[in-house]
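# Fold and contact review
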Amino acid sequence: MIINLHFNDFSKNKFNYEGPYIMLERNCKYQIGVRHVHIELQSNQISRDNDFWCLSSNLVDRSPANALQAISYFTFARGKIDNDVTPSPVVFYPLEVHQLENPEFIIQRVNKERLINIDKAFIQLEIQKCLA
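Throughout what follows, the structure given in this document is the object of discussion. Note that this is a predicted model, so its numbers are computed, not measured. (Residues numbered from 1 in each chain as written. Predicted model: local features only at pLDDT ≥ 70, side-chain atom pairs only at ≥ 80, totals over all residues. Heavy atoms only, no water.)

## Structural notes on the nonpolar core
With 32 residues, the main nonpolar core has Phe15, Ile39, Leu55, Phe105, Ile107, Ile118 and Leu125 as its most contacted residues. Here this core gets six residues from one element, more than from any other, and that element is strand 4 (residues 30-41). Aside from chain neighbours lying at most four places away, what touches Phe15 is Phe7, Asp9, Phe10, Phe105, Ile107, Ile118, Ala121 and Ile123. (Core = buried A, V, L, I, M, F, W, Y, C linked by side-chain atoms within 4.5 Å. Buried < 20%, exposed > 50% of the residue type's maximum accessible area, 1.4 Å probe, protein only. Helix = DSSP H or I, 4+ residues; strand = E, 2+ residues; numbered from the N terminus. Contact = heavy atoms within 4.5 Å.)

## Describing the pattern of salt bridges
Taken as a whole, this structure holds three salt bridges when the rule is applied. Ionic pairing is found between Glu104 and Lys14, a salt bridge with its closest N-O pair at 3.4 Å. Taken together, the residues span a long stretch of sequence, with Glu104 in the loop between strand 8 (93-94) and strand 9 (105-109) and Lys14 in strand 3 (residues 14-15) at a distance of 90 residues. On the basis of relative accessible area, Lys14 is assigned to the partly exposed category, the value being 28%. The salt bridge involving Arg35 is made with Glu126; its shortest N-O contact spans 2.5 Å. With Arg35 in strand 4 and Glu126 in strand 10 (residues 118-129), this pair connects stretches of sequence that are 91 residues apart. (Salt bridge = Lys/Arg side-chain N within 4 Å of Asp/Glu carboxyl O.)

## Thoughts on the environment of Ser72
Structurally, the position occupied by Ser72 is in strand 6 (residues 70-75). Not counting chain neighbours up to four residues away, the residues in contact with Ser72 comprise Val34, Trp53, Cys54, Leu55, Val85 and Pro87.

## What to know about a nonpolar patch on the surface
A cluster of nonpolar side chains, contributed by Phe52, Leu68 and Tyr73, occupies part of the molecular surface with about 260 Å² of accessible area. Relative to the assigned elements, Phe52 resides in strand 5 (residues 52-57). (Patch = residues over 30% accessible without salt bridge, like charges linked within 9 Å, V, L, I, M, F, W, Y side chains within 5 Å. Areas by Shrake-Rupley, 256 points an atom, 1.4 Å probe, with all protein chains shown as cover.)

## Describing the packing of aromatic side chains
Under the defined criterion, the tally for this structure stands at six aromatic pairs. When the centroid spacing of 5.1 Å and the interplanar angle of 90 degrees are considered together, the rings of Phe10 and Phe15 count as edge-to-face. Taken individually, Phe10 and Phe15 each receive the classification buried, so the pair is uniform in this respect. Aromatic side chains Phe52 and Tyr73 sit 5.4 Å apart centroid to centroid with 10 degrees between the ring planes, which places their arrangement in the stacked category. On the criterion of sequence distance, the pair formed by Phe52 in strand 5 and Tyr73 in strand 6 is long-range, its members being 21 residues apart. Judged by relative accessible area, which is 38%, Phe52 ranks as partly exposed. Relative accessible area serves as the criterion here: at 38%, Tyr73 is assigned to the partly exposed category. (Phe/Tyr/Trp six-rings, centres within 6.5 Å; stacked < 30°, edge-to-face > 60°.)

Here it is as C-alpha cells:
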C-alpha cells in the first residue's frame with residue numbers, strides 16, 4: 001500500500017499530521033519504508049552541503065540500532081529551496097501498528113540539533129504486509 005502525505009503545518013521541524021486514519025489488521029505484521037520525500041524550504045532558509053538529516057517517525061520502534069527512529073536519511077543541496085529524496089533501494093522497518101492512530105514525523109539533523117524553516121513537505125510511504 002502506498003500512502004501519500006502532504007504537510008503544510010510545522011512546529012520545530014515536526015510535521016503536524018492531520019490526514020486520514022489508516023486501519024490495518026492487528027494480528028498481522030507490517031513493514032514501512034519511504035519511497036519519496038519532497039521538502040520545500042522557506043525562501044529565507046539557507047541549507048548547507050554535507051548536513052546529514054533524517055526523517056524520524058514514531059511508526060518505527062526506538063532501538064539501540066535506531067535511536068533516532070529514522071526511516072530515511074538524506075542531505076539538502078546548498079542554496080536549494082526544493083529538495084527531493086528518492087531512496088534507492090527502499091529500506092523497510094517493522095511498523096508499530098498501534099502508532100498509526102497518532103503518527104509523528106520529524107526532520108532532524110544527525111548528531112546536532114538544528115531547526116530549519118519548512119514551507120511544505122510531501123512524504124510517500126509504502127506499507128507492506130509481512131508473510132511470516
